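Next come the chains, spelled out residue by residue.
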Amino acid sequence: MTQNSSAGSADNRHRVIPLVEQHEFFQQILRRSPVSRRGVLRGSVSAAGASFLLGGTLAGAASASASTSAEEMTTTGTIAGGFVVNGRHLSFGPDPKRQMWVAGQLFNLNTYNAVPSGIKVEVEYGHEAGAYGHTVAAEIRQLVTHVPVWNGVPTGPVTASLNDLLRADQFYVHALIDCLEPGRTYHYRFVYTKHGERGHTPDATFTTAPDGRRFLSPFTFTAYGDQGITGAPGTGRTLDDAPSLQPESSSHITDDYYKPSDPDYFDPASTSAPTDVSPVAALVTQITRVRNPVNHTPSRFTLLAGDMCYANPSGNAQPIINPAGPGGNQPGDSNTPVPPPNSGGWDDYDPYVWTSYLTTIEPSSASTPWMFNTGNHDVELFTTSLDADAATVDAYGRLGYGGHASRIDMPTNGPRSCPSVYSFTYGDVGIVSADANELSWEIQGLLGYSEGEQASWLRRRLGEFRHDPEIDFIVVFFHHCAFSTCDGHSSDGGVRKVLAPLLSEFEVDLAVQGHNHIYERSNPIKYDAATNTGSSSVQATSKSFHEAATVHPQTDGTTYITVGSGGRPRYSWSGAVETDRNFLTGVDTGAPGNGTTVTADPATSQGPSAAQLDFTREYETVDWSQARYSDYAFIALDVVPAAPDGTATMTMRAINEQGVEFDRVVFKRDVRRRGPYSL
């Protein structure tokens, strides 16, 4: 990444550090800080931290005085009136060939909740850094959050403490860049001015989708889910639970789910515990390193299959009331209203986690579109019944998705009642995001909210994709698993009942799932609607990247991959002797638990199961669990479009946090087209 400015300007004094280095340097600055996030953002900011945060240079940061305040840093050309744009993230517009959403968070380095009155934000873009040539105005979206914190009175109506509300006034900037050229790379930066001061973000790039089959070349995209946010190295804690970034003492929630048995949990007495690896950050770094094997181009977009940052760590899809006091309890059955039966209780929430999250993914998301899906931890729901104020209830909406509309941009071509259901096309691949929160029998807080509108829309859209002569492969991504043998959540009967018949009917090539914090690939599955179960159509065994399985979805059926391995504490397997099965541990070794059949035993509640509508679990012995890996990972999908009457391929590579491939499968489709591409 380069940044060109006029001769003699401050921007030319030092090299601009790459995004990955910027991110790591920022994390180091934050980890060394002994004060809270409020102290960091409301008080003076060290020159090193401020210079890094806004894309300054390592040399400039090293030479500046640690006592320099944010206001004194304005001469760097990166701060305007104390305001900065950070956590940049891209997403495709309605037409990925010609439109790109550019977004970030606007906040004040001195006072986090400062209202950006009198500030103007624009995006400069063009084919050359420093000589952009085009400007578009950015919209500022305000998100008001007053999280109710329970007053601890154990009887009567639930009431929040009057002096203990977690308050956040957050501002996000969004610009839709239109009329772009297909298949072109553009440079861009945010520029913001206030009272004559002018700041800007570092230069970054994005690339639009190609225009039509005749212009297609091989490309790669990536996918995974269940990220969370990074923690101080080796602490076993997420970033917000680490002392350097504890946001508000009144949040009273903990997001530290790492257990002492987890290899990523920090044991000060250990001589072998990790000290410098955060799974979340490591995977983001690995995604930035992905290259297409044919033409060495980087990943063109990332699919995030739900559970983004875990600002809601409970994930019950219920309204929010934070506990009374650090480590305290939430209201229960002796208060009114009572949590719904089998719900798991009320949710809790910390909106400041989003600032950390957007910073964490920025090394990738500033230059590669991230396309988000909603999981159970992404439901941020408030109600006046739990003493939330009307402004917050209105901001987050009836589904708890209103905050996402302020922070991120999703295509709006899906059903009107389903904000996270949409589709887009890149090259010869049709992508569909489905909202499993509406279908889940395990976590029923949003069950049936669209009254069938989502299912009807999915049927129409999948049919359009499958009959489109320009589309070879269809990928559907969603959160709760239709098929999985993991002991965390296993399978969801409600998701399976709605999605599996649709994916089967329209020959969907690949379903990407999250929710279970492992990696698992199924054999291609033939769905049985009478029993709401599935069975293997073929054995898609891969023993090494030289001996990869080949799947023909037109005849074999849909492959389901669970890749909720984005950074949250790992789950394990449900079978009594079920083990990992991949390139690294071995495939078909003959050892107990290494096969593709996993046996269920209802008597001992072991083995695969599917959540039922009545909150019971139906245990099922399955034959389709082809590849398993119980550690952190993502998938890369390498697409090679075909010539007319040829064969298109989409190769799935599973890659761990060290960048090592451990599973591979090749999807193949014969190309037979109408018009200029017909037989």
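For the structure itself, look to the data block above.
None of these values were measured; they are calculated from a predicted model.

So, the overall build of the protein chain
Argument step 1. Of regular secondary structure, the protein chain possesses 11 helices and 30 strands.
Argument step 2. Buried residues in the protein chain amount to 62% of all 679 residues.
Argument step 3. Within the protein chain, contacts between residues at least 6 apart in sequence are counted, and of these 75% link residues at least 24 apart.
Argument step 4. By element, 51% of the accessible surface of the protein chain is carried by carbon and sulfur atoms, the whole surface being about 24100 Å².

A look at the nonpolar core
Argument step 1. Core analysis: the biggest nonpolar cluster contains 105 residues, and Phe221, Leu303, Tyr357, Tyr519 and Ile635 have the highest contact counts within it.
Argument step 2. At seven residues, the largest contribution of residues to this core is made by strand β7 (residues 166-177).

Quick look at helix α9 (residues 453-466)
Along an α-helix, a turn takes 3.6 residues, which lines up residues three or four apart on a common side.
Argument step 1. In this model, α9 (14 residues) spans 20 Å end to end at C-alpha, consistent with the 20 Å of a helix rising 1.5 Å per residue.
Argument step 2. Regarding α9, the residues found buried are Gln454, Trp457, Leu458, Arg461, Leu462, Gly463, Phe465 and Arg466.
Argument step 3. Next to the buried residues of α9 lie β15 (422-426), β16 (429-433), β17 (473-477), α10 (493-505) and β30 (661-670).

A short note on the pairing of strand β29 (residues 647-656)
Argument step 1. Among the 10 residues that make up β29, nine are buried, leaving the element largely enclosed by the rest of the structure.
Argument step 2. Both strand β28 (residues 633-640) and β29 contribute to a ladder of eight bridges, which runs antiparallel. Residue pairing across strands places Ala633 opposite Asn656, the latter belonging to β29.
Argument step 3. Hairpin geometry of β28 and β29 is characterised by an intervening segment of six residues between the two adjacent antiparallel strands and by a positive phi of about 65° at Asp645.
Argument step 4. Sheet analysis places β29 next to β30, joined by nine bridges and oriented antiparallel. In the strand pairing of β30, Met652 is matched with Val665.
Argument step 5. Between the end of β29 and the start of β30, which pair antiparallel, lie four residues, with Gly659 showing a positive phi angle near 85°.

Regarding the packing of aromatic side chains
Given two aromatic rings, one states the distance between the centres and the angle between the planes to describe the pair.
Argument step 1. Applying the stated rule across the entire model yields 21 aromatic pairs.
Argument step 2. Judged by centre distance (5.6 Å) and plane angle (85°), the ring pair of Phe483 and Trp624 falls under edge-to-face. Here Phe483, found in the loop between β17 and β18 (491-492), pairs with Trp624, found in the loop between β26 (617-619) and β27 (625-629); they are 141 residues apart in sequence, far enough to count as distant. Comparing Phe483 with Trp624, the two get one shared label, buried.
Argument step 3. Among the aromatic residues, those joined into a ring-pair cluster are Phe92, Phe219, Phe221, Phe301, Phe424 and Tyr426.
Argument step 4. Taking NZ or CZ as reference, Arg141 lies 5.4 Å from the ring centre of Trp101, over its face.
Argument step 5. Here the basic side chain of Arg568 rests over the ring of Tyr310, its NZ or CZ set 4.1 Å away from the ring centre.

Comments concerning the side chain of Asn594
Argument step 1. With respect to the secondary-structure elements, Asn594 resides in the loop between β24 (559-563) and β25 (609-611).
Argument step 2. Residues within four places of Asn594 in sequence aside, it is in contact with Thr579, Asp580, Arg581, Gly586, Val587, Asp588, Thr589 and Arg628.

Overview of α10
Argument step 1. Compared with an ideal rise of 1.5 Å per residue, which puts 13 residues at 18 Å, α10 spans 18 Å between its outermost C-alpha atoms and is within 8% of the ideal.
Argument step 2. The principal kink in α10, of about 30°, is found at Leu499, preceding the proline Pro501 by one to four residues.
Argument step 3. Buried residues of α10: Gly493, Gly494, Val495, Arg496, Leu499, Ala500, Leu502 and Leu503, and no others.
Argument step 4. N-capping of α10 is provided by Asp492, with a side-chain oxygen placed 3.0 Å from the backbone N of Gly494.
Argument step 5. At the exit of α10 stands Glu507, carrying a positive phi of roughly 50°.

Structural notes on the sheet that holds strand β12 (residues 302-304)
Argument step 1. Sheet architecture is open: seven strands sit in the order β14-β12-β11-β28-β29-β30-β23, paired in mixed fashion. Only two strands of the sheet have a single partner each, and these edge strands are β14 (370-372) and β23 (549-551). In this sheet, neighbouring strand axes are inclined to one another by 20° on average, regardless of whether the strands run parallel or antiparallel.
Argument step 2. Sheet topology note: the strand β11 (residues 219-224)/β28 ladder contains five bridges and is antiparallel. Its bridge partner being in β28, Thr222 is matched across the sheet by Ala636.

Things to note about the sheet that holds β25
Argument step 1. Pairing within the open sheet is mixed, and its three strands lie in the order β18-β25-β26. Because the sheet does not close on itself, it has two edges, and the strands there are β18 and β26.
Argument step 2. Pairing between β25 and β26: three bridges, direction antiparallel. Across the sheet, the residue bridging to Ala610 is Glu618, located in β26.

Description of the pattern of salt bridges
Argument step 1. Applying the stated rule across the entire model yields 22 salt bridges.
Argument step 2. Note that Arg88 is salt-bridged to Glu362, the shortest N-O span being 2.7 Å. Linking Arg88 in strand β1 (residues 83-92) with Glu362 in helix α6 (residues 353-365), this pair joins segments that are 274 residues apart in sequence. Considered together, Arg88 and Glu362 belong to a single accessibility category, that of buried residues.

Overview of the pairing of β24
Argument step 1. Of all five residues in β24, five are buried, a share of seventy percent or more.
Argument step 2. Neither face of β24 is exposed, since Thr559, Ile561 and Val563 on one face and Tyr560 and Thr562 on the opposite face are all buried.
Argument step 3. Summarising the sheet, strand β19 (residues 510-513) and β24 pair through four bridges and their orientation is parallel. Its bridge partner being in β24, Ala511 is matched across the sheet by Tyr560.

Focus: the environment of Asp631
Argument step 1. Here Asp631 lies in the loop between β27 and β28.
Argument step 2. The sequence separation of Asp631 and Asp580 amounts to 51 residues, and the corresponding C-alpha distance is 9.6 Å.
Argument step 3. Asp631 has contacts with Ser565, Arg570 and Glu657, leaving out every residue within four places of it along the chain.
Argument step 4. At 2.6 Å, the side chain of Asp631 and the side chain of Arg570 are in polar contact.

The rules behind the values
- Residues numbered from 1 in each chain as written.
- Predicted model: local features only at pLDDT ≥ 70, side-chain atom pairs only at ≥ 80, totals over all residues.
- Heavy atoms only, no water.
- Helix = DSSP H or I, 4+ residues; strand = E, 2+ residues; numbered from the N terminus.
- Buried < 20%, exposed > 50% of the residue type's maximum accessible area, 1.4 Å probe, protein only.
- Contact = heavy atoms within 4.5 Å.
- Areas by Shrake-Rupley, 256 points an atom, 1.4 Å probe, with all protein chains shown as cover.
- Core = buried A, V, L, I, M, F, W, Y, C linked by side-chain atoms within 4.5 Å.
- Expected span 1.5 Å × (residues − 1).
- Pairing = 2+ DSSP bridges.
- Phe/Tyr/Trp six-rings, centres within 6.5 Å; stacked < 30°, edge-to-face > 60°.
- Lys NZ or Arg CZ within 6 Å of the ring centre and 35° of its normal.
- Bend = angle between axes of the 7 residues up to and from the residue.
- Polar contact = N/O pair within 3.5 Å; in protein donor to acceptor, adjacent residues only side chain to side chain.
- Axes fitted to C-alpha atoms, helices over the stretch in contact; angles between N-to-C directions.
- Salt bridge = Lys/Arg side-chain N within 4 Å of Asp/Glu carboxyl O.

No statement about biological role is implied by the geometric values presented.
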